[in-house]
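Residues per chain, in single letters:
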Amino acid sequence: MSLSKTMRPFNKNAVDDKKRNEVDQKKREKIVHVKGRERIELFADHCDDFDAKVVEEMGRLDIAKFNSLRNFMTGDEKKTSRVDLESTKD
């Protein structure tokens, strides 16, 4: 879930930003990806923004909800690998 909450918005926003900054209409229409150094720089900026939002939201949690979230994220009970492992045991 974390990956999709990070990558999907990044991919769309990176392409939108690149298109917005391109002055040549024909080049703008051909943009479908952001590559190389530009992608790395935009992704780093995106991660900084995402991290700031996460920190802000976590600051709103009381200690019980924070602990519950931490246990959910660090536990392995719901991980697919754990479920698959358990289902193969006889």
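Per chain, residue numbering runs from 1 following the sequence as it is written. Whole-chain, interface and lining totals are the exception, using all residues; otherwise, since this is a predicted model, local features are given only for residues with pLDDT of at least 70 and side-chain atom pairs are given and counted only at 80 or more. Note: side-chain values were computed over all heavy atoms of the structure, leaving out hydrogens and water.

A.B. asks: Explanation requested: the overall build of the protein in the structure shown.
C.D. replies: The helix and strand labels rest on DSSP assignments: H or I over at least four residues marks a helix, E over at least two residues marks a strand, and numbering proceeds from the N terminus. Looking only at helices and strands, the protein features five helices and zero strands. Mapped in sequence order, the helices and strands of the protein form the string α-α-α-α-α. The cut-offs for exposure are 20% and 50% of the maximum accessible area for each residue type, with area from a 1.4 Å probe on protein chains only; residues under the lower value are buried, those over the upper are exposed, and the others partly exposed. Looking at the protein as a whole, 8% of its 90 residues are labelled buried. If you take every contact in the protein between residues at least 6 apart in sequence, the share linking residues at least 24 apart comes to 42%. Total accessible area on the protein is roughly 7900 Å²; 55% of this is exposed by carbon and sulfur atoms. Between two residues, a contact is recorded if the distance between any of their heavy atoms is within 4.5 Å. Only the protein chains shown count as cover for residues, with accessible areas throughout obtained via the Shrake-Rupley method and a probe of 1.4 Å.

A.B. asks: Help me out: how do you make sense of the nonpolar core in this one?
C.D. replies: Nonpolar side chains in soluble globular proteins generally cluster together in the buried interior. Nonpolar cores are built from buried Ala, Val, Leu, Ile, Met, Phe, Trp, Tyr and Cys residues. Side-chain atoms within 4.5 Å join them into one set. Residues Phe-10, Ala-14, Val-15, Ile-31 and Val-34 constitute the largest nonpolar core, which totals five residues. Once you skip the residues sitting within four places of it in the chain, Ala-14 turns out to touch Val-34 and Leu-42.

A.B. asks: Please clarify how a nonpolar patch on the surface should be interpreted in this entry.
C.D. replies: A grouping of Met-58, Leu-61, Leu-69, Phe-72 and Met-73 is seen on the molecular surface, where their side chains present a nonpolar patch of about 450 Å² in accessible area. Element by element, the count of residues in the nonpolar patch is highest for helix α4 (residues 63-74), at three residues. With respect to the secondary-structure elements, Met-73 resides in helix α4. Patches were defined on residues exceeding 30% relative accessible area and lacking a salt bridge, with like-charge contacts within 9 Å and nonpolar side-chain contacts (Val, Leu, Ile, Met, Phe, Trp, Tyr) within 5 Å. The working definition used for a salt bridge is a side-chain nitrogen of Lys or Arg within 4 Å of a carboxyl oxygen of Asp or Glu.

A.B. asks: Would you mind going over α4 with me for this structure?
C.D. replies: Think of an α-helix as 3.6 residues a turn; residues three or four steps apart then line up on the same face. Across its twelve residues, α4 extends 16 Å between first and last C-alpha, which sits within 8% of the 16 Å expected from 1.5 Å per residue. For α4, the tally of buried residues reaches only zero of twelve residues, placing the bulk of the element at the surface. Polar contacts, as used here, are pairs of N or O atoms within 3.5 Å; protein pairs need one atom able to donate a hydrogen and one able to accept it. Residues neighboring in sequence count only if both atoms are side-chain atoms. A side-chain oxygen of the first residue of α4 lies 3.1 Å from the backbone nitrogen of Ala-64; this N-cap is Asp-62. Expected helix span is taken as 1.5 Å per residue step, with the number of steps being one fewer than the number of residues.

A.B. asks: Teacher, can you tell me more about the side chain of Thr-6 here?
C.D. replies: Positionally, Thr-6 belongs in helix α1 (residues 2-21). Residues contacting Thr-6, with those up to four places away along its chain left out, are Phe-43, His-46 and Phe-50.

A.B. asks: Help me out: how do you make sense of the environment of Thr-74 in this one?
C.D. replies: Here Thr-74 lies in helix α4. Reaching out from Thr-74, the side chain makes a polar contact with the backbone oxygen of Arg-70 at a distance of 2.8 Å.

A.B. asks: What's the story with a negative patch on the surface in this structure? I'm lost.
C.D. replies: Note on charges: Lys and Arg go in the positive column, Asp and Glu in the negative column, and His and the chain ends are not counted at all. By convention, the point assigned to a charge is CZ for Arg, NZ for Lys, CD for Glu and CG for Asp. On the surface, Asp-45, Asp-48, Asp-49 and Asp-51 cluster together into a patch of negative charge. Positionally, Asp-45 belongs in helix α3 (residues 36-59). According to the relative accessible area criterion, Asp-45 is partly exposed, its value standing at 45%.

A.B. asks: For this particular structure, what's the right way to read the confidence of the model for the protein?
C.D. replies: It should be kept in mind that the predicted coordinates are not to be read in detail where pLDDT is low. Each residue carries a pLDDT score, the predictor's confidence in it, ranging from 0 to 100. Averaged over every residue, the pLDDT of the protein is 86; the share at 70 or more is 83%. No element of the protein has a lower mean pLDDT than helix α5 (residues 80-88), which averages 65, and none a higher one than helix α2 (residues 25-30), which averages 93.

A.B. asks: Would you mind showing me how to read the side chain of His-46 here?
C.D. replies: Within the secondary structure, His-46 is located in helix α3. Apart from residues lying up to four places away in sequence, His-46 is in contact with Thr-6, Pro-9 and Phe-10.

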